[in-house]
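Now for the letters of each chain:
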Amino acid sequence: MPADVAAPGDGLPEAVTIGVSIHVPEPYGTALQDARAGHGDPAARSIPTHVTLLPPTEVAAAALPGIEAHLRAVAARHRPFRMLLQGSGTFRPVSPVVFVRVEEGAQECRVLEAEVRSGPLSRELAFPYHPHVTVAHGLAEQVLDEAYEKARGFTAAFAVDGFVLSRFGPDEVWRPCRDYPFGSAR
């Protein structure tokens, strides 16, 4: 991964859109991304499979060094934990989203989310934080129903050993920029 998300004066725009997440490892990440694409979700291939810790947030490019220091400090205070993804859920009727539930690791995600979304990344959320992995978003009700049924049998267990800072590109694709391993100040 690149050493820096951006450096002031390197020709990047003055503002960038970032997000922080726990990426779902292989083979589960691809399986869920394939399922999302199979439902016809146009965003499926432009978003790595993840549990959000900081939703898309526009920041000044000049603020990135301070943000990276903040994220390093957050990661350094945490230890790896087990995550179990299992079964389906939905935010309907409030939001047209179907997801795989975080059955184990949800509390750790809540603590991480609160710490990540503090200091230079402090912001209000449109909805209360609920850790999940999206498998369908903004699609027809019948397709959301189908996605819900298909995700009911999904199960994946894995160790979470850190989180990722990603950047939203001009091509509307999210790309990882830097890993933040737990217990490390790198």
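Only a predicted model underlies this, so the values are computations on that prediction, with no experimental measurement involved.

Chemist: Looking at this structure, I do not really get the packing of aromatic side chains. What am I missing?
Modeler: Two descriptors summarise a pair of aromatic rings, namely the distance from one centre to the other and the angle between the planes of the rings. In this structure the tally under the stated criterion is six aromatic pairs. Aromatic pair phenylalanine 163 and phenylalanine 182: ring centres 6.2 Å apart, planes at 65°, arrangement edge-to-face. Note that phenylalanine 163 is positioned in strand β7 (residues 162–168) and phenylalanine 182 in the segment after β8 (174–181), a separation of 19 residues in sequence. Residue class for phenylalanine 163 comes out buried when judged on its relative accessible area of 1%. Grouped by ring-pair contacts, the aromatic residues Phe81, Phe163, Tyr180 and Phe182 constitute a single cluster.

Chemist: Sorry if this is basic, but what is going on with the pattern of salt bridges here?
Modeler: Side-chain pairing between opposite charges can occur once the charged atoms of the two side chains come close. The full count for this structure, using the stated rule, is twelve salt bridges. Close ionic contact of glutamate 113 with arginine 117 constitutes a salt bridge, the shortest N to O distance being 2.5 Å. On the basis of relative accessible area, glutamate 113 is assigned to the buried category, the value being 4%. For the salt bridge of arginine 175 with aspartate 171, the shortest nitrogen-to-oxygen distance reads 2.7 Å. Taken together, the salt bridges that share partners define one network made up of Arg92, Glu141 and Asp145.

What counts and how
- Each residue is numbered by its place in its chain's sequence as written, counting from 1.
- Local features in this predicted model are restricted to residues whose pLDDT is 70 or higher, and side-chain atom pairs enter the listing and the counts only when it is 80 or higher, whereas totals over whole chains, interfaces and linings include all residues.
- No hydrogens and no water enter the side-chain calculation; it runs on all heavy atoms of the structure.
- Two aromatic rings, drawn from Phe, Tyr or Trp (for Trp, its six-membered ring), form a pair once their centres lie within 6.5 Å of each other, and the interplanar angle then sorts them: stacked below 30 degrees, edge-to-face above 60, tilted otherwise.
- Note on conventions: DSSP H or I runs of at least 4 residues are helices, E runs of at least 2 residues are strands, and numbering of each starts at the N terminus.
- Here's how the labels work: a residue is buried when its accessible area is under 20% of the maximum for its type, exposed when over 50%, partly exposed in between, all with a 1.4 Å probe on protein chains only.
- Any carboxyl oxygen of Asp or Glu within 4 Å of a side-chain nitrogen of Lys or Arg constitutes a salt bridge here.

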